[in-house]
Amino acid sequence: MPEGDTIFRTAAVLRAMLVGKRVTDARAQAGPGLRRVPDLSRVVGAVVTSVEARGKHLLIGFDSGLTLRSHMRMRGSWHRYRPGEAWRLPASQARAILETPDSVAVAFNTPTLELLNDAGLARSRALHELGPDLLGEAFDADEAMRRLRERDDVALGEALLDQRAVAGIGNVVKSEVCFVERLDPWAPMRRFDDDELDRALASARRLLRANLGGGARVTTGMRGRGRELWVYGRAGRPCRRCGAVISTARQGELARSTYWCPRCQLTRPEPHGGVADT
Ligand SMILES: [Zn+2]
């Protein structure tokens, strides 16, 4: 799943390329996971006014009052090309194509594609439900904390990925944040105090912001192949902090891989919740 930093970067690239440009051609095509597509001929002739990342949604605004919402989910991506340039993915995987006089923007494998008017945008449930955006200008940490606290029985590793609690964390950052803050991704949220969750959010924001520049994602501060990440993708290798063997397992409804150090991120014993042993 693309992380918030990836979508944020994509938005920056598309913004530089599209804003102020008139759409000369636009089309959408259905495919696996996307059966109904919007009629993009409605934006032909319109000028792009904004490109914005909100959580994992990418919003492209037009001066005609319409907004194209796409969601990246696991495999979605936007590419930019010059007119006539060969695409890096098969045309059959293209879901939306926007052409301007000097560029072509192509959305590949996006499972969500929707053309909204202002009212629809304001009503959009998918956008409404999004938690505070870690990469937003004014990240609301209190609101993120409140939403995380509503998930007391959910494991930390799942709660951090829930974009309705806090938007922007993907699978890599999830594992890395838990490691950096020495938090057990398998423990339920109720086991963490506010200070721990605050630190997790601050770490996530820091890691996402540090990776806005592009290139390979780095969380360790060390560039170079195989040195960039603390735990993600390192199952069976020694922990960079304590030498214990890094574990991995699938977690949550979506069975996303979680990586952790079983020694640095030890689960604390469950308190006895007031039930007296007799
Ligand atoms: Zn360790």
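Residues numbered from 1 in each chain as written. Predicted model: local features only at pLDDT ≥ 70, side-chain atom pairs only at ≥ 80, totals over all residues. Heavy atoms only, no water.

A short note on the overall build of the protein
For the protein, the helix and strand inventory stands at seven helices and ten strands. Compactness check: the protein gives a C-alpha radius of gyration of 21 Å against a globular reference of 19 Å for 278 residues, within 12% of the reference. For the protein, the spread of C-alpha atoms along the principal axes amounts to about 75 × 40 × 35 Å. Out of the 278 residues in the protein, the part that is buried amounts to 49%. At a minimum sequence separation of 6, the contacts of the protein that also span at least 24 residues come to 61%. Accessible surface computed for the protein: about 13,700 Å², of which carbon and sulfur atoms make up 49%. (Helix = DSSP H or I, 4+ residues; strand = E, 2+ residues; numbered from the N terminus. Rg over C-alpha atoms; globule rule 2.2 N^0.38 Å. Buried < 20%, exposed > 50% of the residue type's maximum accessible area, 1.4 Å probe, protein only. Contact = heavy atoms within 4.5 Å. Areas by Shrake-Rupley, 256 points an atom, 1.4 Å probe, with all protein chains shown as cover.)

What about unusual backbone geometry?
Despite not being glycine, asparagine 109 shows a phi value in the positive range, around 55 degrees. Inspection of the secondary structure puts asparagine 109 in the loop between β7 (103-108) and β8 (112-116).

Structural notes on the side chain of aspartate 133
Inspection of the secondary structure assignment puts aspartate 133 in the loop between α3 (125-128) and α4 (141-149). Buried charged residue aspartate 133 carries no salt bridge. Nearest counter-charge: arginine 54, at 6.9 Å. A distance of 3.0 Å separates the side chain of aspartate 133 from the backbone nitrogen of glycine 55, its partner in a polar contact. Not counting residues up to four positions away in its chain, the partners in contact with aspartate 133 are Ala53, Arg54, Gly55, Phe139 and Ala167. (Lys, Arg positive; Asp, Glu negative; His and termini not counted. Salt bridge = Lys/Arg side-chain N within 4 Å of Asp/Glu carboxyl O. Polar contact = N/O pair within 3.5 Å; in protein donor to acceptor, adjacent residues only side chain to side chain.)

A short note on the sheet that holds β8
Read from one edge of the open sheet, four strands run β2-β3-β4-β8, paired in antiparallel fashion. Single-partner strands in this sheet number two, and they are β2 (48-54) and β8. The average angle at which neighbouring strand axes cross in this sheet is 15 degrees, direction not considered. Where helix α1 (residues 4-18) meets the sheet, its contacts fall on β2 and β3 (57-62), and the angle it forms with β2 comes to roughly 175 degrees. (Pairing = 2+ DSSP bridges. Axes fitted to C-alpha atoms, helices over the stretch in contact; angles between N-to-C directions.)

Some thoughts on the pairing of strand β4 (residues 67-71)
Side chains on a regular strand alternate between the two faces of the sheet. Counting buried positions over the five residues of β4 gives five, a clear majority of the element. Relative to β4, β3 is paired through five bridges, and the arrangement is antiparallel. The residue of β4 that forms the bridge with glycine 61 is threonine 67. The turn joining β3 and β4, which pair antiparallel and follow one another in sequence, is formed by four residues; a positive phi near 95 degrees is taken by glycine 65. Examined bridge by bridge, β4 and β8 share five bridges and lie antiparallel to one another.

Describing helix α6 (residues 171-180)
For α6, the tally of buried residues reaches nine of ten residues, placing the bulk of the element in the interior. Taken together, the buried positions of α6 are Asn171, Val172, Val173, Lys174, Ser175, Glu176, Val177, Cys178 and Phe179. Packing partners of the buried residues in α6 comprise α5 (156-159), α7 (194-210), β9 (247-251) and β10 (256-260).

Details of the packing of α6 against α7
At a closest axis distance of 9 Å, the pairing of α6 and α7 adopts a crossing angle of 125 degrees. Relative to α7, the element α6 is oriented oblique. Relative to α7, α6 is oriented so that their crossing is right-handed. For the pair formed by α6 and α7, the contact residues are Val173, Glu176, Val177 and Val180 on the first element and Ala200, Ser203, Ala204, Arg206, Leu207 and Leu208 on the second. Looking at the contact of α6 with α7, its residues break down into seven nonpolar, one polar and two charged. (Parallel < 35°, antiparallel > 145°, perpendicular 65-115°, else oblique. Left-handed = near helix turned anticlockwise from the far one by under 90°. Nonpolar A, V, L, I, M, F, W, Y, C, P; charged D, E, K, R; others polar.)

Overview of the coordination of the zinc ion
Within the first shell, the zinc ion binds the protein through Cys239 (SG), Cys242 (SG), Cys261 (SG) and Cys264 (SG), at distances of 2.2 to 2.3 Å. Relative to the metal, the four donor atoms surrounding the zinc ion lie at angles of 101 to 114 degrees, and the coordination shape comes out tetrahedral. Sequence spacing of the donors to the zinc ion: C-x2-C-x18-C-x2-C. Among the residues examined, cysteine 239 registers a relative accessible area of 5% and is labelled buried. By relative accessible area, which is 28% here, cysteine 242 ends up partly exposed. (Donors = N, O, S within 2.8 Å, 3.2 Å for Na, K, Ca; no water. Tetrahedral: all angles 85-135°; square planar, octahedral: opposite > 155°, others 65-115°.)

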